[in-house]
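# Architecture and fold: a report
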Amino acid sequence: MFTLSEDQQALVEAARAAAEAELASTVKADDEAELFRKDLFHKLGAAGLCGVQTAERWGGLGLGYVEYALVIEEIAKVAPAYAVSVAVSGLPQVILAKFGDDAQRERWMPGLAAGELLGAFALSEPGSGSDAGSLRTTATRDGDTYRLNGTKFWITHGGYADIYVVMARTGGPGPKGISAFLVAGDTPGLSFGKKEEKMGLRASPTVEMILEDAIVPASNRLGPEGNGFSVAMSALDSGRITIAATALGISQSAMDCAGRYAVTRKQFDQAIIDFQGVGFMLADMAVRIEQARLVTHKAAWLKDQDLPFNHVAAMAKCAATDCAMAVTTDAVQVLGGYGYTREYPLERLMRDAKVMQIVEGTNQVQRVVIARHLKRGWE
Ligand SMILES: Cc1cc2nc3c(=O)[nH]c(=O)nc-3n(C[C@H](O)[C@H](O)[C@H](O)COP(=O)(O)OP(=O)(O)OC[C@H]3O[C@@H](n4cnc5c(N)ncnc54)[C@H](O)[C@@H]3O)c2cc1C
């Protein structure tokens, strides 16, 4: 996909306009105050940006992952924390579409797709991050209900979300003993602990989630018992495309800021972009972003065609997030001392970029996925 259709271009422009209108004026202050504003998320929903990939029947725009990635990139150019919000709230929608039943979809999808409800995804625990299959939260069957007990860690939107997809153990050890549940935000027994004080993405709340005899109807289970690990991995495969798109927005925004500065800043009587050392840094940024965008759009396109895409999504996640870290670091360099101040957005973008290499499977884990895929082809 080398050019956008007219409809895609119109969607990009609408997303850009909504992000600028709703998010630009508060992004700096909210980063400093570590403030998430749910009302801003609702506004993105009102602009039609929270259910791009969800079927029209369930209240979404009924478009594909290519369009979803385009929208996320535009939001990330302005406010990466809210691009992550849209992506994370998209995970329950993706899960409901693939693993939910009609009653579950009717209850939750229209609100999530409209951005009236906020979604979250609860897999990680204090002792299980990359090794998610070893999670310890339990779900014990009790008649028509399950009783959930355990602690989840790092939950984006913890305490703010209306609906959480929670992975818990219903069987023996390992991935096959895990099931997935829809847990409403007002479930008795569900509470929230420590909010993490983070390096970046500070407007996105990352919170400990505590389940103490939280009673969940058995009808809230997503698919059969023992299917929860597949639910989680399937969602993360798709989620990696949205993290890559977020990283692209960060990269593009950082490069544009550095480029605009480099054409106006003069030293030794010339614009600094005309020093080869600076011009080449900008050229390398453009090369990396172009490469990362192509592989991200390819992963999205493969998913839209129902073709195998998970190894390409892993490549996109590595390429785009490593790109964002490199581009933001060099963008700070282009501005010299000014790049290091909070007067410019680059230090914030650099802090935001770092976490993209960690979430939804670290980039080391992505390389494990890619290497396994390559090995299968060579065996
Ligand atoms: C801001 C933020 C938001 C998050 N939001 C959510 C959320 O909403 N829901 C949720 O469930 N989780 C969330 N997470 C958790 C995130 O998915 C985990 O942090 C991530 O999966 C890594 O797990 P870990 O932090 O326990 O690191 P570990 O798994 O302990 O990894 C530590 C280091 O070891 C490396 N490593 C581990 N295993 C391997 C391996 N097999 N091969 C090579 N290297 C390896 C890792 O790459 C890393 O460098 C969030 C995290 C952050 C920071």
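All of these numbers come straight from a predicted model, not from anything done at the bench. (Residues numbered from 1 in each chain as written. Predicted model: local features only at pLDDT ≥ 70, side-chain atom pairs only at ≥ 80, totals over all residues. Heavy atoms only, no water.)

## Describing the overall build of the chain
Our working rule: Counting from the N terminus, the helices are DSSP H or I runs at least four residues long and the strands are E runs at least two residues long. Atoms considered for the radius of gyration are the C-alpha atoms alone. The globule rule reads 2.2 Å times the number of residues to the power 0.38. By definition in these notes, contact holds between two residues if any of their heavy atoms fall within 4.5 Å. Only the protein chains shown count as cover for residues, and the accessible areas themselves come from Shrake-Rupley with a 1.4 Å probe. When charges are tallied, Lys and Arg are placed among the positive residues and Asp and Glu among the negative ones, while His and the ends of the chain are skipped. Lysine's charge is taken at NZ, arginine's at CZ, aspartate's at CG and glutamate's at CD.
Secondary structure assignment for the chain yields 11 helices and nine strands. A compact globule built from 379 residues would reach a C-alpha radius of gyration of about 21 Å, and the chain, at 21 Å, matches this within 12%. Once the C-alpha set of the chain is aligned to its principal axes, its extents read approximately 80 × 50 × 40 Å. Of the contacts made within the chain by residues no fewer than 6 positions apart, 72% connect residues no fewer than 24 positions apart. With the model as given, the accessible surface of the chain reaches about 16,300 Å², and the carbon-plus-sulfur share is 53%. Across the chain, 38 positive and 45 negative side-chain charges occur, with their mean positions spaced 5 Å apart.

## A look at the pattern of salt bridges
Which entries qualify depends on this criterion: Throughout this description, the term salt bridge denotes a Lys or Arg side-chain nitrogen within 4 Å of a carboxyl oxygen of Asp or Glu. Relative accessibility thresholds used throughout: buried, under 20% of the residue-type maximum; exposed, over 50%; partly exposed, between the two (1.4 Å probe, protein chains only).
Under the counting rule described, the total for this entry stands at 21 salt bridges. With a shortest N-O distance of 2.7 Å, E73 and R293 are connected by a salt bridge. Taken together, the positions of E73 in helix α4 (residues 65-78) and R293 in helix α8 (residues 276-304) put the pair 220 residues apart, joining distant regions of the chain. Each member of the pair, E73 as well as R293, carries the same accessibility label: buried. A salt bridge links E74 to K77; the nearest nitrogen and oxygen atoms lie 2.8 Å apart. With a gap of three residues between them, E74 and K77 both fall in helix α4, about one helical turn apart. On the accessibility criterion, K77 (24% relative accessible area) is partly exposed. Salt bridges sharing partners connect three or more residues here, namely R16, E73, E74, K77 and R293.

## Describing the site of the ligand
This is how the line gets drawn: Put simply, a residue is near a molecule or strand once any heavy atom of it comes within 4 Å of that molecule or strand. Distance and chemistry together define a polar contact, namely a pair of N or O atoms within 3.5 Å, with one atom able to donate a hydrogen and the other to accept it when in protein, and with adjacent residues in sequence counting only for side-chain atoms on both sides.
Neighbouring the ligand are 18 residues; S124, S130, W154, T362 and Q364 lie closest to it. Within the contact set of the ligand, an oxygen atom lies 2.6 Å away from a side-chain nitrogen or oxygen of S130. Isolated, the ligand exposes 970 Å² of accessible area, and the fraction of that covered by the protein chains is 64%. For the shell around the ligand, the secondary structure elements donating two or more residues are β1 (119-122), β3 (145-156) and α11 (363-378). Among the elements that make up the shell around the ligand, the one with the highest residue count is β3 (three residues).

## A look at the domain arrangement of the chain
The cut-off we apply is this: Where a domain begins and ends is set by an automatic assignment or by a domain database. Buried area is a sum: the accessible area each of two parts loses on coming together, probed at 1.4 Å, counted once for each and added.
One can read the domain layout of the chain as domain 1 (6-117), domain 2 (120-226) and domain 3 (230-378). Just the C-alpha atoms count here: the centres of domain 2 and domain 3 sit 30 Å apart. Of the residues lining the interface, 11 residues belong to domain 2; the matching set on domain 3 comes to 12 residues. Considering only the surface of domain 2 that becomes buried against domain 3, F121, M199 and L201 emerge as the three largest contributors, covering 51% of it.

## Here we look at the environment of T54
Turning to its location among the elements, T54 is positioned in the loop between α3 (38-46) and α4. Overall, the relative accessible area of 3% leaves T54 in the buried class. In the structure, T54 is positioned 55 residues away from M109 in sequence and 8.3 Å away in space, judged by C-alpha atoms. Not counting chain neighbours up to four residues away, the residues in contact with T54 comprise G60, L61, G62, Q93, M109 and A113. Looking at T54, its side chain comes within polar contact range of the side chain of Q93, at 2.6 Å.

## Overview of the packing of helix α7 (residues 228-264) against helix α10 (residues 346-356)
For any two helices packed against each other, one specifies the crossing angle of their axes together with the interaxial distance. Put simply, the test is: For helices, the fitted axis covers only the stretch in contact; all axes are lines through C-alpha atoms, and the angles between them, taken along N-to-C directions, range from 0 to 180 degrees. For classification purposes, angles smaller than 35 degrees are called roughly parallel, those larger than 145 roughly antiparallel, those between 65 and 115 roughly perpendicular, and all remaining angles oblique. Less than a right angle of anticlockwise turn of the near helix away from the far helix marks a crossing as left-handed, whereas a clockwise turn marks it as right-handed. By the convention adopted, Pro, Cys, Tyr, Trp, Phe, Met, Ile, Leu, Val and Ala count as nonpolar, Lys, Arg, Asp and Glu as charged, and the other residues, Gly among them, as polar.
In contact at an axis separation of 10 Å, α7 and α10 are set at 155 degrees when each is read in the N-to-C sense. The orientation of α7 relative to α10 falls into the category roughly antiparallel. When you trace α7 past α10, the crossing you get is left-handed. Each of I243, T246, A247, I250, S253, A254 and C257 in α7 lies in contact with α10, whose residues at this interface are L346, L349, D352, A353 and M356. A class-by-class count of the residues in the contact of α7 with α10 yields nine nonpolar, two polar and one charged.

## Concerning the packing of α4 against helix α5 (residues 80-99)
Close contact between α4 and α5 brings their axes to 6 Å; oriented N to C, the two are set at 150 degrees. Classified by the interaxial angle, the pair formed by α4 and α5 is roughly antiparallel. Along its contact with α4, which presents Y65, Y68, I72, I75, A76 and V78, the element α5 presents P80, Y82, A83, V86, A87, G90 and V94. Tallied by class, residues from the contact of α4 with α5 come to 12 nonpolar, one polar and no charged.

## A word on the packing of aromatic side chains
Two measures describe an aromatic ring pair: the distance that separates the ring centres and the angle between the ring planes. Selection criterion: Two aromatic rings from Phe, Tyr or Trp, using only the six-membered ring of Trp, form a pair when their centres are within 6.5 Å; if the ring planes differ by under 30 degrees the pair is stacked, by over 60 it is edge-to-face, and anything between is tilted.
Within this structure, the stated rule accounts for 10 aromatic pairs. Ring centres of F153 and W154 lie 5.7 Å apart, and the angle between their planes is 80 degrees; on these two criteria the pair is classed as edge-to-face. When the ring of Y261 is compared with that of Y338, the centres are 6.4 Å apart and the planes differ by 45 degrees; the resulting orientation is tilted. One end of the pair, Y261, is in helix α7; the other, Y338, is in the loop between α9 (310-334) and α10, with 77 residues separating them in the sequence.

## Details of the environment of R136
If you trace the backbone, R136 turns up in the loop between β1 and β2 (138-142). It is 9.3 Å that separates the C-alpha atoms of R136 and K152, two residues lying 16 residues apart in sequence.

## A closer look at the side chain of R240
Mapped onto the secondary structure, R240 falls in helix α7. Take R240: its relative accessible area is 6%, and that puts it in the buried class. Within the local environment of R240, its side chain forms a polar contact with the side chain of Q366, the two groups lying 3.3 Å apart. Ignoring anything within four residues of it in the chain, the contact list for R240 reads A313, K317, E360, G361 and Q366.

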